[in-house]
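Letter by letter, the chains look like this.
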Amino acid sequence: MLQILFFSILTATVFYIAYGRFLQIYKNISLGITENEKHNSFTGLKNMILFALGQKKMFNRPVSGIFHLFIYLAFVLTQIELLEIIVDGFTGEHRIFAHALGSFYNFLINSIEILSFLAFFSTFIFLYRRNILKLIRFQKPEMKGWPSVDANLILMGEILLIFGIFLMNSSDQILQNLDPQHYPSTGKLYISSFIGASLFGQLPQDWLVWFERIGWWLHLFVIYGFILYLPFSKHLHIFLAFPNAYLSNQESRGKMSNIPVIENEARSMVGLPPKEMVEQTEIFGAADIFQLPRRTLIGAYSCTECGRCTSVCPANLTGKKLSPRKIVMDIRDRMEEISNQVKPNVEYNDGKNLFDYISQEEIYACTSCNACVEACPVLINPLEPILAMRRYDILMNSGGPSEWMGMFNSLENTQSVWQIPESRDAWTKS
Amino acid sequence: MIPIKTAAEYLSQGESFEVLFWVGCAGSYDARAQKVSRAFAEILNKAEIKFAILGDEEKCTGDPARRAGNEFLFQILALQNIETLNQYQVKKIVCTCPHCFNTIANEYPELGGKYEVMHHSKFLEELISLGKIKIKEDHSTESVTYHDSCYLGRANGIYEAPRKVIDHLKLDIKEMKRSRQNGLCCGAGGAQMFKEDEKGNKRINEERIEDAIETQSNIVVANCPFCMTMLQDGIKAHEKQEQMMVYDLSEMVLQKMI
């Protein structure tokens, strides 16, 4: 009874705190603008199924792709066991699904165990790749400090969770024989029965009861810890990858968004009638998250900092400061900084903006080659905010590299990128 | 001198044209790209395609202005071009520059410029498969490597058309380690062509040309005037001018065309 009470209070508290935090993230994302671009729900759904659920792009790098798949599948399937734990927790039952599902239960738990074993192995591979092999993409400047700790914490949490599962199941396997009344039969679990027989076979029964309970609570605590930790971590991608893939850009990647106010200004300059019903804006491009589309903001929360974008960025590969991953991480950090301080109907001003995070040196090094966009497994677009910030810097600050001023002048005066005093069809005459 | 008529000349002679050849700033003024314009025009003439150019009525599409962030300048250029194109009732446009192609195909429609736009690699592929371009029977097994430009490839998903053209020419493509979706940029896009590099340890074109050198091909086939400049500079930086040359797809076609 006491256990049920404790469990209920714990569960309610965890979900209440998590709810508040997720709500805050939702509010942060809502600070962005909505664009009336073409978005087809069916294509969105297809992208979500293919890229988020199906992980299509993960396999462009087969090694990390396959190990990530093990962890992903183990995680998804373990939710069934977690559901059972929660139901057991509220009812005080033990393995409530065992009876109802019969032999399917055995198949299910065996599958979870096999995948968990593969995931356990994969986790060590990932720790090895990050900390011993030190893959270049995990060693970039933006990964120093918290981002690296964050990644390792998740991997260690994963190990703890799987340890809990096997401790619980393997002691349970022996207890099923000793006390079948309290421990309903699950059928033979191949991995747990092996671990149980080889490690716990000779232990007294009350020890096994304790082990089973420790495993059970450990599983639960790690999962609850995870739920609370997730919204502060890069690991949020497990949820947000789905809406992000759904909302991702469906137009040609080469197309930049139009600014109707400027179009109208230009139309009057060249003597064309203006387009009607144009929403007035005073800020062009983006200096802060308030001018970025919501899909960019949701993208920033969906990023798990894998660095595939940065590892293919031509600027980054040749030693420039630009790193697409850093751009995405900075947008998230800026949202977190502003978080909770925006009041309705009051313009937010803390004297800072995105340019305090992202330098001109970074945004002007971009070749707009779309390699980062192509590389992202969850369809984040780091190029869009870079170009939006350029727009702001050029149009609002008259910033930009000085050589571009020459190009702009030439375009204005001769309508060509180069100022050449020659007819445009001179090439036909030589 | 190749006989080339402007849209205005067609109009004054009361004639119409099938397709407008959009030459672009590089194709008009850059010495190397001018050769490509001439090669492509020669192919069109040989294939008996009635084409026009805009001549002095053509302006920069605005691509570098827009990527650089100067939206106002882009709009002015774009709207003027659309006015001109609509005035001549242009239906079909072919570009030898993937930046011009991308801008006219993807960004002009919402400003009022709706045309059938093709990059010349796709156009050449069509002419070959329609039999309008005939290729010499030649049994040399020369190998070339092909550089995907970002604005044709990743931006617009065109990877196979230029490769098919090369196949038709009976040339063997030795792919670079980074190709198609994974192709590495030459370093010119996003208006980088018109400014100095930010601080780094290498130029992007030098990094890229190493991929081409690895294939041991003597010819790098490109589809973009800016890539051509960048790749040629990369070859110079690696002192490989004696062994390697960059050619546009149309130049390769012209060489092998009957």
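In this text, all values refer to a predicted model and were calculated from it rather than measured experimentally.

Asker: So what exactly am I meant to see when it comes to the overall build of chain A here?
Answerer: Across its full length, chain A holds 18 helices and zero strands. For chain A, the C-alpha atoms occupy an extent of roughly 95 × 50 × 40 Å along the three principal directions. Evaluated residue by residue, chain A yields a buried proportion of 53% over its 430 residues. Put simply, 75% of the contacts in chain A that link residues at least 6 apart link residues at least 24 apart. Carbon together with sulfur atoms contributes 65% to the accessible area of chain A, which is approximately 20500 Å² in total. Between the mean site of the 36 positive side-chain charges and the mean site of the 38 negative ones, chain A shows a separation of 6 Å.

Asker: Looking at this structure, how should I read the interface of chain A and chain B?
Answerer: In this assembly, 60 residues from chain A lie in contact with 72 residues from chain B. Of the roughly 5600 Å² buried between chain A and chain B on both sides combined, carbon and sulfur atoms contribute 63%. If you sort the residues of chain A by the area they bury against chain B, Trp-418, Arg-424 and Trp-427 of chain A come out on top, with a joint share of 16%. Linking chain A with chain B are four salt bridges. Between the two partners, chain A and chain B, sit 35 residue pairs in polar contact (both at pLDDT 80 or more). Class assignment of the residues belonging to the side of chain A that touches chain B gives a composition of 28 nonpolar, 14 polar and 18 charged.

Asker: Whenever I open this one, the pattern of salt bridges confuses me. Can you help?
Answerer: A side chain with one charge can pair with a side chain of the opposite charge if their charged atoms come near. In total, this model carries 43 salt bridges over all chains according to the counting rule given. As a salt-bridge pair, Lys-352 of chain A and Glu-337 of chain A come within 2.5 Å of each other at their nearest N and O atoms. Taken together, the residues Lys-352 of chain A in the loop between helix 14 (324-338) and helix 15 (360-363) and Glu-337 of chain A in helix 14 connect sequence positions 15 residues apart. As a salt-bridge pair, Glu-107 of chain B and Arg-67 of chain B come within 2.7 Å of each other at their nearest N and O atoms. Of this pair, Glu-107 of chain B sits in helix 6 (residues 98-107) while Arg-67 of chain B sits in helix 4 (residues 63-68); the two residues are 40 residues apart in sequence, bridging distant segments of the chain. Residue Glu-107 of chain B is classed as buried on the basis of its relative accessible area of 0%. Overlapping salt bridges bring together Lys-177, Arg-178, Lys-202, Glu-207, Arg-208, Glu-210, Asp-211 and Glu-214 of chain B as one network.

Asker: Quick question: what am I supposed to make of empty space enclosed by the protein here?
Answerer: Over the atoms, a rolling probe the size of a water molecule traces out where space has been left empty. Residue and element names in this part refer to chain B. The final tally for this structure, using the stated rule, is eight cavities of 30 Å³ or more. If you add up the space inside the largest cavity, you get close to 170 Å³. What lines the largest cavity is a set of 23 residues, and nearest its centre among them are Asp-63, Pro-64, Cys-97, His-99 and Phe-226. Only helix 2 (24-29), helix 4, helix 6 and helix 10 (225-237) provide two or more residues apiece to the lining of the largest cavity. Among the elements that take part in the lining of the largest cavity, helix 2 stands out by supplying four residues, more than any other.

Asker: Can you walk me through the pairing of strand 2 (residues 19-22) of chain B in this structure?
Answerer: Looking down a regular strand, the side chains alternate between one sheet face and the other. Residues and elements named next belong to chain B. Of the two faces of strand 2, the one holding Val-19 and Phe-21 and the one holding Leu-20 and Trp-22 are both buried throughout. Sheet topology note: the strand 2/strand 3 (residues 51-53) ladder contains two bridges and is parallel. Across the sheet, Leu-20 pairs through a bridge with Ala-52, a residue of strand 3. Judged from the three bridges that link them, strand 2 and strand 4 (residues 92-95) form a sheet pairing that is parallel. Following the sheet pairing, Trp-22 is matched in strand 4 by Cys-95.

Asker: Would you take a moment to explain the environment of Thr-43 of chain A for this structure?
Answerer: All names here are of chain A. Structurally, Thr-43 can be placed in helix 2 (residues 41-53). Taking relative accessible area as the criterion, Thr-43 reaches 27% and is therefore assigned partly exposed. Sequence separation between Thr-43 and Ala-245 is 202 residues, and the spatial gap between their C-alpha atoms is 9.9 Å.

Asker: Mind showing me how you'd approach the pairing of strand 9 (residues 245-248) of chain B here?
Answerer: All names here are of chain B. Covered by surrounding structure in strand 9 are Val-246 and Asp-248 only, the residues Met-245 and Tyr-247 on the alternate face being uncovered. In this structure, strand 8 (residues 219-222) lies alongside strand 9, joined through four bridges in parallel fashion. Counted as the bridge partner of Ile-219 is Met-245 from strand 9.

Asker: Could you clarify how one ought to interpret the sheet that holds strand 7 (residues 172-173) of chain B in this entry?
Answerer: Whenever strands of a sheet pair, they do so through backbone hydrogen bonds, lying parallel or antiparallel. Residue and element names in this part refer to chain B. Ordered by their spatial adjacency, four strands build an open sheet running 7-6-8-9, and the pairing between neighbours is parallel. With one partner strand each, in any of the chains shown, strand 7 and strand 9 form the two edges of the open sheet. The pairing of strand 6 (residues 143-146) with strand 8 spans three bridges and is classified as parallel. Residue pairing for strand 8: Val-144 is matched across the bridge by Ile-219. Its contacts with the sheet place helix 8 (residues 160-168) against strand 6, strand 7 and strand 8, and it is angled at close to 170° to strand 6.

Each value, and the rule that gives it
- Residues numbered from 1 in each chain as written.
- Chains lettered and ligands numbered in written order.
- Predicted model: local features only at pLDDT ≥ 70, side-chain atom pairs only at ≥ 80, totals over all residues.
- Heavy atoms only, no water.
- Helix = DSSP H or I, 4+ residues; strand = E, 2+ residues; numbered from the N terminus.
- Buried < 20%, exposed > 50% of the residue type's maximum accessible area, 1.4 Å probe, protein only.
- Contact = heavy atoms within 4.5 Å.
- Areas by Shrake-Rupley, 256 points an atom, 1.4 Å probe, with all protein chains shown as cover.
- Lys, Arg positive; Asp, Glu negative; His and termini not counted.
- Charge placed at Lys NZ, Arg CZ, Asp CG, Glu CD.
- Buried area = accessible area lost by both parts, 1.4 Å probe.
- Salt bridge = Lys/Arg side-chain N within 4 Å of Asp/Glu carboxyl O.
- Polar contact = N/O pair within 3.5 Å; in protein donor to acceptor, adjacent residues only side chain to side chain.
- Nonpolar A, V, L, I, M, F, W, Y, C, P; charged D, E, K, R; others polar.
- 1 Å grid on protein atoms, 1.4 Å probe; cavity = no way out; pocket = protein on both sides within 12 Å on 5 of 7 lines; lining within 4 Å.
- Points joined across faces, edges and corners; volume = space filled by probe spheres on them.
- Pairing = 2+ DSSP bridges.
- Axes fitted to C-alpha atoms, helices over the stretch in contact; angles between N-to-C directions.

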